[in-house]
Amino acid sequence: MTLDQLNALDAIVATGTFRAAAERLNKAQSAVSHQIRKLEAELGFDLFSRDAYRPSLTSEGEVFFRETARVLEQVRGLRSVAAGLRSAQEPRISIAITATMSLDPILDVLGDIGRTYPGTHIQVATEMMGGPLARLMAGEADLIVVGLDGVPIDEVEALPVGTVTIRPVASPDFPASQRPGVKSRREMQSYTQVIVSGTGGREFDQSRDLLRGGQRWTVSDFEAKKSVIKAGLGWGGVPDHMMATELSNGTLVPLNVEGFPTRHTEIFAIRRRDQPVGKVMSQIWASLDAQSSSSH
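Rules behind the numbers
- Residues numbered from 1 in each chain as written.
- Predicted model: local features only at pLDDT ≥ 70, side-chain atom pairs only at ≥ 80, totals over all residues.
- Heavy atoms only, no water.
- Helix = DSSP H or I, 4+ residues; strand = E, 2+ residues; numbered from the N terminus.
- Rg over C-alpha atoms; globule rule 2.2 N^0.38 Å.
- Contact = heavy atoms within 4.5 Å.
- Axes fitted to C-alpha atoms, helices over the stretch in contact; angles between N-to-C directions.
- Parallel < 35°, antiparallel > 145°, perpendicular 65-115°, else oblique.
- Left-handed = near helix turned anticlockwise from the far one by under 90°.
- pLDDT = per-residue confidence, 0-100.
- Phe/Tyr/Trp six-rings, centres within 6.5 Å; stacked < 30°, edge-to-face > 60°.
- Buried < 20%, exposed > 50% of the residue type's maximum accessible area, 1.4 Å probe, protein only.
- Expected span 1.5 Å × (residues − 1).
- Arc of directions from axis to C-beta.
- Patch = residues over 30% accessible without salt bridge, like charges linked within 9 Å, V, L, I, M, F, W, Y side chains within 5 Å.
- Areas by Shrake-Rupley, 256 points an atom, 1.4 Å probe, with all protein chains shown as cover.
- Salt bridge = Lys/Arg side-chain N within 4 Å of Asp/Glu carboxyl O.
- Core = buried A, V, L, I, M, F, W, Y, C linked by side-chain atoms within 4.5 Å.
- Nonpolar A, V, L, I, M, F, W, Y, C, P; charged D, E, K, R; others polar.

> For this particular structure, what's the right way to read the overall build of the chain?
Regarding its fold elements, the chain presents 10 helices and 11 strands. Since a compact globule built from 296 residues should have a radius of gyration of about 19 Å, the 26 Å found for the chain marks it as more spread out than a globular shape. Counting only C-alpha atoms, the chain reaches 80 × 50 × 35 Å along its principal axes. Here the analysis covers contacts within the chain between residues at least 6 apart in sequence; of these, 73% occur between residues at least 24 apart.

Have a look at this one:
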């Protein structure tokens, strides 16, 4: 069993025919057919049923191909690691982080990396909503730290790094805060909801918890959002870690709004599978992986 044989099997399944697979692999069709026949002879069963125009996997072939796909994914990972080990220290690592998350869960890792690789410029940018994902897919970020909403899971690797809690709040002087109990959506439509604009463009905007039909103010970041809400000019969701002091001293109070529960979102470190990984990025990922494993 050879890697070329497994690649031939993968190409046939992906393209649907031996001819298309041969074109994809830049080989003669007879060579691809020969590789599959040799593999089938070694395995002792047919991988494909050849009764129809297009070859289809046999039941044994389907099971074998699932394992083949897993092995080929591991091989691609090994090649990426090897490319990183061959490379020099990256001059820059770009990281984009969701603005809803505290930097604390990754600061120790980045601090160690900075001391170990002083020649690498670590660039950290805070982005709103779909901003980090847009940067990753455009090749402008090597690593992002976000929730999984909208992330193309098959194209990335992800490690859990923490959880963000966002709850709706208002000033204690805000009209909706004056009485206890659940506030109906209809009632809240008469008040201004403060929202943060995205930085990823329309394709990657992931704004949630918007009250349809209500009044809105849009601000550029969460600090501005918190300031507007503290001033009694509106209500909205704010991450717990950004308002711990305000919740403690009562300058912000939680709101119980119909359809807007406290939201807990798991946050992940994410990188693209198809991008080569250099020495510094490999060490960052390994450190995040170790940190994730020790916390579970």
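> Just checking my understanding: could you explain the packing of helix α1 (residues 3–15) against helix α3 (residues 29–43) for this structure?
Any two packed helices are characterised by the angle at which their axes cross and by the distance between the axes. Packing of α1 against α3 leaves a shortest axis separation of 9 Å and a crossing angle of 110 degrees. Considering the angle they form, α1 stands roughly perpendicular to α3. Judged by the twist between their axes, the crossing of α1 over α3 is left-handed. Contacts from Asp-4, Gln-5, Ala-8, Leu-9 and Ile-12 in α1 reach Val-32, Gln-35, Ile-36, Lys-38, Leu-39 and Glu-42 in α3.

> Sorry if this is basic, but what is going on with the confidence of the model for the chain here?
Interpreting fine coordinate detail is not advised for predicted regions of low pLDDT. In this model, the chain carries an average pLDDT of 87, and 93% of its residues clear a pLDDT of 70 or more. No element of the chain has a lower mean pLDDT than helix α4 (residues 59–86), at 81, and none a higher one than strand β10 (residues 253–254), at 96.

> What's the story with the packing of aromatic side chains in this structure? I'm lost.
The geometry of an aromatic ring pair comes down to the distance between the two centres and the angle between the two planes. For the structure on display, the rule yields four aromatic pairs. A centroid spacing of 5.6 Å and a plane angle of 85 degrees characterise the contact between Trp-235 and Phe-260, whose relative ring orientation is edge-to-face. Taken together, the residues Trp-235 in the loop between α8 (222–230) and β9 (236–239) and Phe-260 in the loop between β10 and β11 (263–272) connect sequence positions 25 residues apart. For Phe-260, a relative accessible area of 6% puts it in the buried group.

> Is there a simple way to explain α3 in this structure?
An α-helical turn contains 3.6 residues, so any two residues separated by three or four positions project in the same direction. Helix length check: α3 (15 residues) gives 21 Å between terminal C-alpha atoms against 21 Å at 1.5 Å per residue, within 8%. Residues of α3 that are buried include every one of Val-32, Ser-33, Gln-35, Ile-36, Leu-39 and Glu-40, and no others. Relative to the axis of α3, the buried residues are bounded by an arc of 160 degrees and lie together on one face. In α3, the exposed residues that point more than 90 degrees away from the buried face are Ser-30 and Ala-41. Trailing α3 by a residue or two, Gly-44 shows a phi angle of about 90 degrees, which is positive.

> Is there a simple way to think about a nonpolar patch on the surface in this case?
On the surface, a nonpolar cluster with roughly 220 Å² of combined accessible area is contributed by Leu-103, Leu-107 and Val-124. Relative to the helices and strands, Leu-103 resides in the loop between β3 (92–98) and α5 (104–116). Judged by its relative accessible area of 35%, Leu-103 falls in the partly exposed class.

> Looking at this structure, I do not really get the environment of Gln-35. What am I missing?
Looking at the element boundaries, Gln-35 is found in helix α3. Here Gln-35 falls in the buried class, since its relative accessible area comes to 13%. It is 60 Å that separates the C-alpha atoms of Gln-35 and Val-219, two residues lying 184 residues apart in sequence. Setting aside residues up to four positions removed in sequence, Gln-35 forms contacts with Asp-4, Gln-5, Ala-8 and Lys-27.

> What should I look at first to understand α5 in this one?
The end-to-end C-alpha distance of α5, which contains 13 residues, comes to 19 Å, matching closely the 18 Å that a straight helix rising 1.5 Å per residue would cover. The inward-facing, buried residues of α5 abut β3, β4 (121–127), β5 (143–146) and α10 (279–294).

> Explanation requested: the nonpolar core in the structure shown.
Across soluble globular proteins, nonpolar side chains have a tendency to be buried as a group. With 23 residues, the main nonpolar core has Met-101, Leu-143, Val-145, Val-161, Met-281, Ile-284 and Leu-288 as its most contacted residues. Broken down by secondary-structure element, the contributors of at least two residues to this core are β3, α5, β5, β6 (156–170), β11 and α10. At five residues, α10 tops the list of elements feeding residues into this core. The residues contacting Met-101, other than those within four sequence positions of it, are Val-145, Val-161, Val-164, His-241 and Ile-267. Residues Phe-18, Val-32, Leu-39 and Leu-47 belong to the second largest nonpolar core, which totals 16 residues.

> So what exactly am I meant to see when it comes to the pattern of salt bridges here?
A side chain of one charge can pair with a side chain of the opposite charge if their charged atoms are brought near each other. In this structure the tally under the stated criterion is 14 salt bridges. Between Arg-115 and Asp-112 there is a salt bridge, with the nearest N and O atoms lying 2.6 Å from each other. With a gap of three residues between them, Arg-115 and Asp-112 both fall in helix α5, about one helical turn apart. When the shortest N-O distance is used, the salt bridge between Glu-223 and Lys-226 registers 3.9 Å.

> Please explain the environment of Ile-166 as it appears in this structure.
Its location among the elements puts Ile-166 in strand β6. In sequence terms Ile-166 and Val-238 are 72 residues apart; their C-alpha atoms lie 5.2 Å from each other. Excluding residues within four positions of it along the chain, Ile-166 makes contact with Thr-100, Gly-237, Val-238, Pro-239, Pro-261, Thr-262 and Arg-263.

> Is there a simple way to think about the packing of α5 against α10 in this case?
Packing of α5 against α10 brings their axes to within 10 Å, and their N-to-C directions diverge by 140 degrees. Regarding the angle of α5 to α10, the classification is oblique. Of the two elements, α5 crosses α10, and the hand of that crossing is right-handed. Here Pro-105, Ile-106, Val-109 and Ile-113 of α5 lie close against α10, whose contacting residues are Val-280, Gln-283, Ile-284, Ser-287, Leu-288 and Gln-291. Classifying every residue of the contact of α5 with α10 by side-chain character gives seven nonpolar, three polar and no charged.

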